[in-house]
Amino acid sequence: MKKLKKIEVLRELLNENIEILRCPVCKNSIKAITENSVLCENNHCFNISKKGYVNLIQNNTKTIYDKSLFESRRKIYEDKTYDKLSKEIIAIIDKYTANKDSNYILDAGCGEGYYLNQLYLNNKINKKCRLFGIDISREGISLATSYENNILWSVSDLANLPFKNSKFDIILDILSPSNYKEFKRVLNKEGIVIKVVPDEHYLQEIRSKIKGNIKKETYSNKDIIDVFKDNLEIVYDNRITYRINPSNLEEFIKMTPLTSSLSQDQMNELIKSNIENITIDLNVIVGKIK
Ligand SMILES: [Zn+2]
């Protein structure tokens, strides 16, 4: 069988899922998928990229996350640094999708797409889940399309999700901002949010080396969790803590937003510093609609 081009796979995915999509401008249904675009009932038009993603933002905004950050992140993921987290997410999803044959999963802020691709590679999950990845960064989504899978990738705004109400079973929100109003709108009434937030000692070795940041060596996620609790009922909570010996400290330092405000000299200094271990300390919380 002839292998489909990325854009052909994308068109098929868009057609299969046309019923759940909505126009981010007028909120109406999508009426057609053409050769190179997605058209809503009011003729708002969005480009389909040859790379295999749809751009559902009219005015693209620049983010602090550039291409090299996502490339560094991809390398760190390939080293299996976040394997434990990925296994935990797969286990949670497996449990919450046990009763349905077809589950809709949205990674809201998927970046370069690692976690969704891990879900795709898991046969058990793959059989019962449809996977969607959005990110506001075109660089992130563009890199995500380099995985071989049938995930529907789109450049979209977290605060204006291009989906109709009550369509999703699970939203993943991994080390990424949240918009609970939108999450609750697109989730069905049994739906859950799986959120991953840094815990106290996450990347403490890097934090402590950033000049002027000594006091912030430990970190509190209390505010983030309080907002989560205001919006959702916590049904599961697990802390994952381990230390790694990074094989590539430079990539690790480049991939974290912690260092995004540093100058090139400060960055180089940090890269040359003798950090031997890095602490991964994450809190995984699952919430359902109250
Ligand atoms: Zn429209």
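For the structure itself, consult the block above.
Residues numbered from 1 in each chain as written. Predicted model: local features only at pLDDT ≥ 70, side-chain atom pairs only at ≥ 80, totals over all residues. Heavy atoms only, no water.

Q: I keep staring at the overall build of the protein chain and nothing clicks. Help me out?
A: Looking only at helices and strands, one finds 11 helices and 11 strands in the protein chain. A globule of 290 residues ought to have a C-alpha radius of gyration of about 19 Å, and the protein chain, at 19 Å, matches this closely. Taken along its principal axes, the extent of the C-alpha atoms in the protein chain is 55 × 40 × 40 Å. A total of 290 residues make up the protein chain; the buried ones form 52% of that total. Looking at the protein chain alone, contacts between residues at least 24 apart form 69% of all its contacts between residues at least 6 apart. Surface summary for the protein chain: the accessible area is close to 14,500 Å², and the carbon and sulfur share equals 47%. (Helix = DSSP H or I, 4+ residues; strand = E, 2+ residues; numbered from the N terminus. Rg over C-alpha atoms; globule rule 2.2 N^0.38 Å. Buried < 20%, exposed > 50% of the residue type's maximum accessible area, 1.4 Å probe, protein only. Contact = heavy atoms within 4.5 Å. Areas by Shrake-Rupley, 256 points an atom, 1.4 Å probe, with all protein chains shown as cover.)

Q: Honestly, the nonpolar core in this entry has me stumped. Any pointers?
A: If you look at soluble globular proteins, the nonpolar side chains tend to sit buried side by side. Of all hydrophobic cores here, the largest spans 51 residues; its most connected members are Tyr82, Leu85, Ile93, Phe252 and Ile280. Aside from chain neighbours lying at most four places away, what touches Ile93 is Ile105, Leu119, Ile125, Cys129, Ile170, Leu172 and Ile194. By size, the runner-up hydrophobic cluster in this structure holds 37 residues, among which are Cys23, Ala108, Leu187 and Leu232. (Core = buried A, V, L, I, M, F, W, Y, C linked by side-chain atoms within 4.5 Å.)

Q: Explanation requested: the sheet that holds strand S9 (residues 187-198) in the structure shown.
A: Backbone-to-backbone hydrogen bonds join strands into a sheet, with any given pair of strands oriented parallel or antiparallel. The eight strands lie next to each other as S4-S7-S6-S5-S8-S9-S11-S10, forming an open sheet whose pairing is mixed. The sheet terminates laterally at strand S4 (53-55) and strand S10 (232-244), the two strands that pair on one side only. Strand after strand, the sheet turns through a mean of 20 degrees between neighbouring axes, direction not considered. Bridge count for S9 against strand S11 (residues 278-289) is seven bridges, and the pairing is antiparallel. The partner of Val196 across the bridge, within S11, is Val284. (Pairing = 2+ DSSP bridges. Axes fitted to C-alpha atoms, helices over the stretch in contact; angles between N-to-C directions.)

Q: What am I meant to see in the side chain of Ser86 here?
A: Counting through the fold element by element, Ser86 comes out in helix H3 (residues 83-96). Since its relative accessible area comes to 3%, Ser86 is described here as buried. If we skip the residues at most four places from it in the chain, Ser86 touches Tyr114, Tyr115 and Gln118.

Q: How do you make sense of the environment of Asn47 when you look at a structure like this?
A: Within the element layout of this structure, Asn47 appears in strand S3 (residues 45-47). On the basis of relative accessibility, which here comes to 52%, the residue Asn47 falls in the exposed class. Placed 116 residues apart in sequence, Asn47 and Phe163 show a C-alpha to C-alpha distance of 17 Å.

Q: Which parts of the structure should I look at to understand the coordination of the zinc ion?
A: Six octahedrally arranged donors around a metal ideally form angles of 90 or 180 degrees; four tetrahedrally arranged donors ideally form angles of 109.5 degrees. Those donors, Cys23 (SG), Cys26 (SG), Cys40 (SG) and His44 (ND1), are the protein atoms that reach the zinc ion, and they lie 2.1 to 2.3 Å from it. In this structure, the zinc ion is surrounded by four donor atoms whose angles at the metal cover 104 to 113 degrees, and the resulting shape is tetrahedral. One chain supplies every donor for the zinc ion, spaced along it as C-x2-C-x13-C-x3-H. On the basis of relative accessible area, Cys23 is assigned to the buried category, the value being 0%. Since its relative accessible area comes to 22%, Cys26 is described here as partly exposed. (Donors = N, O, S within 2.8 Å, 3.2 Å for Na, K, Ca; no water. Tetrahedral: all angles 85-135°; square planar, octahedral: opposite > 155°, others 65-115°.)

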